[in-house]
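# Observations on the model geometry
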Amino acid sequence: MTILESSGAPDPGTIRWSGNDFEGWTGTKWLSFTAGSKVEDGSGNLYALVKVGSQIWLDHNLHTTKYNDGSSIPLATNVSEWQAATQAMVKTPIMCWYDDNQIENEFPYGALYSFYVIDSTLNGNKNVCPIGFHVPDSTELNILKSTLNVLGTAGGHLKVPDTTYWNQPNMGADNFSGFSAYPAGRRGPSGTFAGKGDNSYLRSITEATNPNAYYGILSYDDDQFDVFFWNRGIGMSVRCLQD
């Protein structure tokens, strides 16, 4: 029996740590070793559920390479591939792993997705989230923020409380919500990576003035959760919300 901390082309019986749970590979899909409700994305990855107020979220960032209909999401493996897909006149769906290194960064950070991956007008009306889930809009991100701000400061309640992944001081982090946010960083339209250890960028489906879209941000040096807008060609994390 093999134990893996990362993904690959596993043999049946392989065990991996997803960042939240141990899972075993059957030869066709990953199965959780623990009890409880799990949902499956287009790649067969499993997620537990976290209830925050009236909302039910996946318990960790999306790391699928497929839409929930099984079709593949284009994957960038270098700077030029990312640049080619995120130019203002191109707008092609594209995803990547931080530093183009899946082994080092899939767990616990998840993948990074351009806005064009989740834009139904560009992706053929596909959904990157598991069936019954969707990429949140900016209003839903603000509901998450307001729900937790009642209990203190939202950012601290969303972040895992450590300085192994988050840079110091990881201000206010206690993960009271169980959301378990990790600082996955981002990929700019130019193809450069930044922010791993410093920030978590969570995509929304809401467009802002071209070429921007709304997103949520968490930072190592404060305990806030804010919703801003930025370039749609930036690769960010996706955390799915139940319909």
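The structure contained in this document is the topic of the report that follows. These figures come from a predicted structure and were not determined experimentally.

A word on the sheet that holds strand β16 (residues 225-231). Strand pairs in the sheet, formed through backbone hydrogen bonds, run parallel or antiparallel to each other. Ordered in space as β14-β15-β16, the three strands form an open sheet in which the pairing is antiparallel. The sheet is open, and its two borders are formed by β14 (199-207) and β16, each paired with just one other strand. Pairwise comparison of adjacent strand axes, ignoring direction, gives a mean angle of 35 degrees for this sheet. The pairing of strand β15 (residues 212-219) with β16 spans seven bridges and is antiparallel. For Tyr215, the partnering residue across the bridge sits in β16 and is Phe228. Its contacts with the sheet place helix α4 (residues 138-149) against β14, β15 and β16, and it is angled at close to 155 degrees to β16.

So, about the nonpolar core. Ranked by internal contacts, the top residues of the largest apolar core, which has 27 residues, are Trp57, Leu144, Leu158, Phe179 and Phe225. Those elements that provide at least two residues to this core are β7 (49-52), α1 (79-86), α4, α5 (154-158) and β16.

Next up on the list: α4. Along its twelve residues, α4 runs 16 Å from first to last C-alpha, staying within 8% of the 16 Å computed at 1.5 Å per residue. Among all positions of α4, only Ser138, Glu140, Leu141, Leu144 and Leu148 are buried. Its side-chain oxygen placed 3.1 Å from the backbone nitrogen of Thr139, Asp137 serves as the N-cap of α4.

In this section: the packing of aromatic side chains. The tally for this structure, following the rule as stated, stands at eight aromatic pairs. An angle of 40 degrees between the planes, with centres 5.9 Å apart, marks the rings of Tyr201 and Tyr215 as tilted. Of the two residues, Tyr201 sits in strand β14 while Tyr215 sits in strand β15, which places them 14 residues apart along the sequence. Consider the rings of Tyr201 and Trp230, whose centres lie 6.1 Å apart with planes at 45 degrees: the pair is tilted.

Quick look at the pattern of salt bridges now. Pairing is possible between side chains that carry opposite charge, provided their charged atoms lie close to one another. Tallying each qualifying case throughout the model produces four salt bridges. A salt bridge links Lys126 to Asp69; the nearest nitrogen and oxygen atoms lie 2.8 Å apart. Residue Lys126 is found in the loop between α3 (115-118) and β11 (133-134), and its partner Asp69 is found in the loop between β8 (55-58) and α1; the two are separated by 57 residues along the sequence. The class of Lys126 is partly exposed, set by a relative accessible area of 27%. A salt bridge links Arg232 to Glu207, with the shortest nitrogen-to-oxygen separation between them at 3.6 Å. With Arg232 in the loop between β16 and β17 (241-242) and Glu207 in strand β14, this pair connects stretches of sequence that are 25 residues apart. On the basis of relative accessibility, which here comes to 9%, the residue Arg232 falls in the buried class. Among the residues examined, Glu207 registers a relative accessible area of 42% and is labelled partly exposed.

With burial as the criterion, only one face of β7 is covered, namely that bearing Val50 and Val52; the residues Leu49 and Lys51 on the opposite face remain uncovered. Of the strand pairs in this sheet, β7 and β8 are connected by four bridges, and their pairing is antiparallel. When the bridges of β8 are listed, Leu49 appears paired with Leu58. The hairpin turn running from β7 into β8, its antiparallel successor, is two residues long, and Gly53 in that turn takes a positive phi close to 60 degrees.

About the cut-offs
- Residues numbered from 1 in each chain as written.
- Predicted model: local features only at pLDDT ≥ 70, side-chain atom pairs only at ≥ 80, totals over all residues.
- Heavy atoms only, no water.
- Pairing = 2+ DSSP bridges.
- Helix = DSSP H or I, 4+ residues; strand = E, 2+ residues; numbered from the N terminus.
- Axes fitted to C-alpha atoms, helices over the stretch in contact; angles between N-to-C directions.
- Contact = heavy atoms within 4.5 Å.
- Core = buried A, V, L, I, M, F, W, Y, C linked by side-chain atoms within 4.5 Å.
- Buried < 20%, exposed > 50% of the residue type's maximum accessible area, 1.4 Å probe, protein only.
- Expected span 1.5 Å × (residues − 1).
- Polar contact = N/O pair within 3.5 Å; in protein donor to acceptor, adjacent residues only side chain to side chain.
- Phe/Tyr/Trp six-rings, centres within 6.5 Å; stacked < 30°, edge-to-face > 60°.
- Salt bridge = Lys/Arg side-chain N within 4 Å of Asp/Glu carboxyl O.

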